[in-house]
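# Structural characterization, general
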Amino acid sequence: MIIDLLIPLAIVLGVILLFLVGFMMLKTVLFSPKQKSVKPRSFVEVDGQSVAERLGLAVQFKTISNPDQAKIDPAPFLGLQRLFKTLYPQVHNQLTLEIVNDYSLLYTWEGKNPSLKPIMLTSHLDVVPADEGEDSGWEHPPFSGEMADGFVWGRGTIDVKNGVIGILEAVEYLLKQDFEPERTVYLGFGHDEEIGGINGAKKIVDLLNSRGVKLGSVLDEGGSVINGFLPGVETAVGAIGISEKGYLSLRLSVEENGGHSSMPAQETAIGILSKAIMNLESQPMPAHLEVVEFLMGYVGSALPFFQRFLFANAWLFAGLLKKKLAKSKLLNASMRTTTAPTIFHAGVKDNVLPGKAEAVVNLRIFPGDDLASVYEMVLERIHDERVHVTPYEGDVLGDAGWNPSPVADTESPYFLRLTQLIKESYPGALVAPYLVLGATDARHYGPLTINALRFTPVLMEDGDLGRVHGLNERLSIENCAKMVGFYIAYIQQLADLPKEVDVAEQGASEEVEPEEDLDDYLEDIPEDFMEGLTKQDQI
Ligand SMILES: [Zn+2]
């Protein structure tokens with residue numbers, strides 16, 4: 001009897017299982033179609049050696065930022081300005097230069113058609129300090145800008161005087177060729193990105209905003225073409241930052257009776273504070289797969305089958321994926337607000353119980369969370385009234401940090417043009433939008449444009465990312481040449497985007513019929529290319 005019932009049941013279950021497996025395999029096959037390759041473009045050939053030498057000269061100015069504007073040593077910043085005037089005479093003859101807040105630079109290159117939205121390219125002039133001691137570990141002194149082994153060496157060669165020099169080189173070249181942009185092109189170089197950009201980029205944005213300027217797009221640092229960007233993806237990936245995380249530092253303090261260490265209370269200030277930190281570490285902020293899934297929607301075709309299978313079926317494997325991804329620092333930070341204890345202070349003597357213990361926790365806020373919600377989640381996790389949680393600086397609902405920045409539109413012609421140029425310049429590379437985990441000046445540009453794209457056109461090999469803010473920062477001569485060629489093409493193309501791009505962005509107006517013209521324009525981008533790059537509807 002029982003067997004009579006079990007057989008049909010097993011058949012039904014088997015059919016369901018087969019159907020389910022078939023469905024999941026189908027989703028895997030359809031997940032993240034291969035990105036179409038594009039015809040390589042011939043970029044302007046640039047003499048990389050001389051670009052690298054000029055970058056080396058810029059490196060020699062120790063433009064180290066300081067939150068206290070009065071404490072900045074003006075000499076290197078002014079010296080760098082003079083260097084630019086010498087190296088780029090056309091830029092300084094034909095563009096308008098405004099010095100913003102003493103050290104930041106804003107260049108305006110008037111376009112032929114002032115009714116079009118301007119484009120902007122930015123980078124920053126300041127660098128982080130570097131140990132100049134004999135045994136610092138630098139193979140070439142960090143502010144020497146020496147040329148050796150096919151590289152220019154020194155602080156700022158990747159982060160990001162290369163961007164400043166690359167952009168100026170490109171504009172100088174285009175001016176010599178009598179190129180006249182349709183759209184106005186702004187170049188903005190802040191002087192304090194490494195400490196938040198409040199006195200530099202923010203002031204440039206305020207100035208443009210006060211003039212009512214709205215930009216089509218801004219290109220800042222952030223991503224680049226990276227070998228080994230994602231575990232499992234062997235192809236180089238052109239990573240374009242389309243948003244960045246927010247930032248909040250909180251001070252945790254505990255005050256308890258101190259006293260002689262021979263008769264300690266059961267719980268001491270240090271113990272209570274340690275427990276609070278432990279509670280934060282053991283209960284990470286909630287994970288969200290959207291950002292990683294979005295990224296995988298672009299590069300999934302290059303994933304090994306099993307990973308692809310999991311991502312294509314995230315509806316079923318969300319829990320497993322979150323657990324697996326949390327093991328990678330990069331991917332973990334790409335799916336949640338992270339919690340990092342960075343300062344811990346208590347005690348002065350081995351036989352005295354401290355009356356006070358204090359720690360600082362730095363949180364990087366994931367899009368969807370915000371300053372207030374993160375603060376609440378921290379309180380919930382600590383769950384101990386003896387631990388006082390206050391902003392490290394400022395007011396938690398105001399200036400204690402900042403919220404994640406808006407997400408750029410990955411279907412805008414600005415984004416699509418940039419992706420196409422990357423694929424033309426680095427044949428075989430995949431292109432993907434991603435979430436910038438650190439902070440860049442681009443976050444200040446929200447009032448001027450939604451299209452803040454974070455990408456420097458250089459190829460980062462294994463280990464190069466560790467040189468940023470680290471030892472032996474360097475850039476290859478080949479990268480120098482390609483970077484300038486790329487910026488030239490970028491300006492030529494983006495500055496000449498037709499007005500329909502702006503109209504489509506703002507919504508159709510009655511007088512013009514943007515649809516047709518926009519289609520004409522989009523025709524130069526092969527349709528299948530766009531399909532490959534635009535996030536596919538998930539079935
Ligand atoms: Zn930087």
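Residues numbered from 1 in each chain as written. Predicted model: local features only at pLDDT ≥ 70, side-chain atom pairs only at ≥ 80, totals over all residues. Heavy atoms only, no water.

## Some words on the pairing of strand β1 (residues 96-100)
Where β1 lies against strand β2 (residues 104-109), five bridges are found, and the strand directions are antiparallel. Opposite Thr 96, over in β2, you have Thr 108 as the bridge partner. Counting the residues in the hairpin turn of β1 and β2 gives three residues, including Asn 101, whose phi is positive at 50°. (Pairing = 2+ DSSP bridges. Helix = DSSP H or I, 4+ residues; strand = E, 2+ residues; numbered from the N terminus.)

## Considering the sheet that holds strand β5 (residues 151-153)
As summarised here, the arrangement of the three strands in space is β4-β5-β18, forming an open sheet in which the pairing is antiparallel. The strands lining the two open edges of the sheet, one partner per strand, are β4 (147-148) and β18 (474-476). Taken together, the two bridges between β4 and β5 define a ladder with antiparallel strand orientation. Opposite Ala 148, over in β5, you have Phe 151 as the bridge partner. Strands β4, β5 and β18 of the sheet are contacted by helix α2 (residues 48-59), whose axis makes an angle of about 5° with β5. (Contact = heavy atoms within 4.5 Å. Axes fitted to C-alpha atoms, helices over the stretch in contact; angles between N-to-C directions.)

## Comments concerning the coordination of the zinc ion
At the metal site, the zinc ion is ligated by His 124 (NE2), Asp 159 (OD), Glu 221 (OE) and Glu 221 (OE), and these contacts range over 1.9 to 2.5 Å. Bound by four donor atoms, the zinc ion shows angles of 53 to 139° at the metal and therefore irregular coordination geometry. Ordering the donors of the zinc ion by residue number gives the pattern H-x34-D-x61-E. In this pair, Asp 159 sits in the loop between β5 and α5 (161-176) while Glu 221 sits in strand β7 (residues 217-226), placing the two residues 62 residues apart along the sequence. A residue is classified by how much of its surface remains accessible, and Asp 159, at 8% relative accessible area, is buried. We classify Glu 221 as buried; its relative accessible area is 10%. (Donors = N, O, S within 2.8 Å, 3.2 Å for Na, K, Ca; no water. Tetrahedral: all angles 85-135°; square planar, octahedral: opposite > 155°, others 65-115°. Buried < 20%, exposed > 50% of the residue type's maximum accessible area, 1.4 Å probe, protein only.)

## Observations regarding the pairing of β2
A regular strand places its side chains on the two faces of the sheet in alternate fashion. With respect to burial, β2 is a largely interior element, six of its six residues being buried. The side-chain alternation of β2 yields two buried faces, one formed by Ser 104, Leu 106 and Thr 108 and the other by Leu 105, Tyr 107 and Trp 109. Pairing of β2 with strand β6 (residues 185-190) involves five bridges; the strand directions are antiparallel. Looking at the pairing, Leu 105 lines up with Phe 189 of β6.

## Here's the deal with the packing of helix α1 (residues 2-30) against helix α10 (residues 314-325)
In the contact formed by α1 and α10, the axes pass within 12 Å of each other and the chain directions differ by 80°. Between α1 and α10, the angle is such that the two are roughly perpendicular. Taken together, the residues of α10 that come into contact with α1 (itself represented by Leu 20, Phe 23, Met 24 and Lys 27) are Trp 315, Leu 316 and Phe 317. In the contact of α1 with α10, the residues fall into six nonpolar, no polar and one charged. (Parallel < 35°, antiparallel > 145°, perpendicular 65-115°, else oblique. Nonpolar A, V, L, I, M, F, W, Y, C, P; charged D, E, K, R; others polar.)

## Description of a nonpolar patch on the surface
On the surface, Leu 17, Phe 19, Leu 20, Val 21, Phe 23, Met 25, Phe 305, Phe 306, Trp 315 and Leu 316 cluster together into a nonpolar patch covering about 1,000 Å² of accessible area. The set of elements that each furnish at least two residues to the nonpolar patch consists of α1, α9 (305-312) and α10. Of all the elements, α1 adds the most residues to the nonpolar patch, at six residues. On the secondary structure map, Val 21 appears in helix α1. Owing to a relative accessible area of 40%, Val 21 belongs among the partly exposed residues under this scheme. (Patch = residues over 30% accessible without salt bridge, like charges linked within 9 Å, V, L, I, M, F, W, Y side chains within 5 Å. Areas by Shrake-Rupley, 256 points an atom, 1.4 Å probe, with all protein chains shown as cover. Salt bridge = Lys/Arg side-chain N within 4 Å of Asp/Glu carboxyl O.)

## As for unusual backbone geometry
In most cases, non-glycine residues show a negative phi, while peptide bonds are predominantly trans. That bond from Asp 159 to Val 160 is cis: its omega, -15°, falls within 30 degrees of zero. You will see that Ser 32, though not glycine, has its phi angle at about 45°, which is positive. Relative to the assigned elements, Ser 32 resides in the loop between α1 and α2. Phi at Asp 102 is positive, roughly 75°, even though this residue is not glycine. As for its placement among the helices and strands, Asp 102 is situated in the loop between β1 and β2. What makes Asp 102 partly exposed here is its relative accessible area of 47%.

## Concerning the packing of α2 against helix α15 (residues 477-494)
Put simply, α2 and α15 touch, their axes get as near as 8 Å, and they point 95° apart. Judged on the interaxial angle alone, α15 and α2 are roughly perpendicular. Across from Gly 48, Gln 49, Val 51, Ala 52 and Leu 55 in α2, the residues of α15 making contact are Ile 477, Cys 480, Ala 481 and Val 484. Considered class by class, the residues forming the contact of α2 with α15 number seven nonpolar, two polar and no charged.

## With respect to the side chain of Arg 443
When you line up the elements, Arg 443 lands in the loop between β16 (430-436) and β17 (452-460). Buried and without a salt bridge, Arg 443 has Glu 244 as its closest oppositely charged side chain, separated by 4.4 Å. If we skip the residues at most four places from it in the chain, Arg 443 touches Gly 196, Glu 244, Trp 402, Ser 405 and Arg 454. (Lys, Arg positive; Asp, Glu negative; His and termini not counted.)

## A look at the nonpolar core
Core analysis: the largest hydrophobic core is formed by 98 residues, its most contacted members being Phe 84, Leu 121, Leu 187 and Ile 491. Here the element with the most residues in this core is α15; it accounts for 11 residues. Setting aside its immediate chain neighbours within four residues, Phe 84 contacts His 92, Leu 105, Tyr 107, Leu 125, Val 164, Ile 165 and Leu 168. One finds Met 285, Ile 365, Val 374 and Ala 400 within the second-largest nonpolar core, a separate group that totals 25 residues. (Core = buried A, V, L, I, M, F, W, Y, C linked by side-chain atoms within 4.5 Å.)

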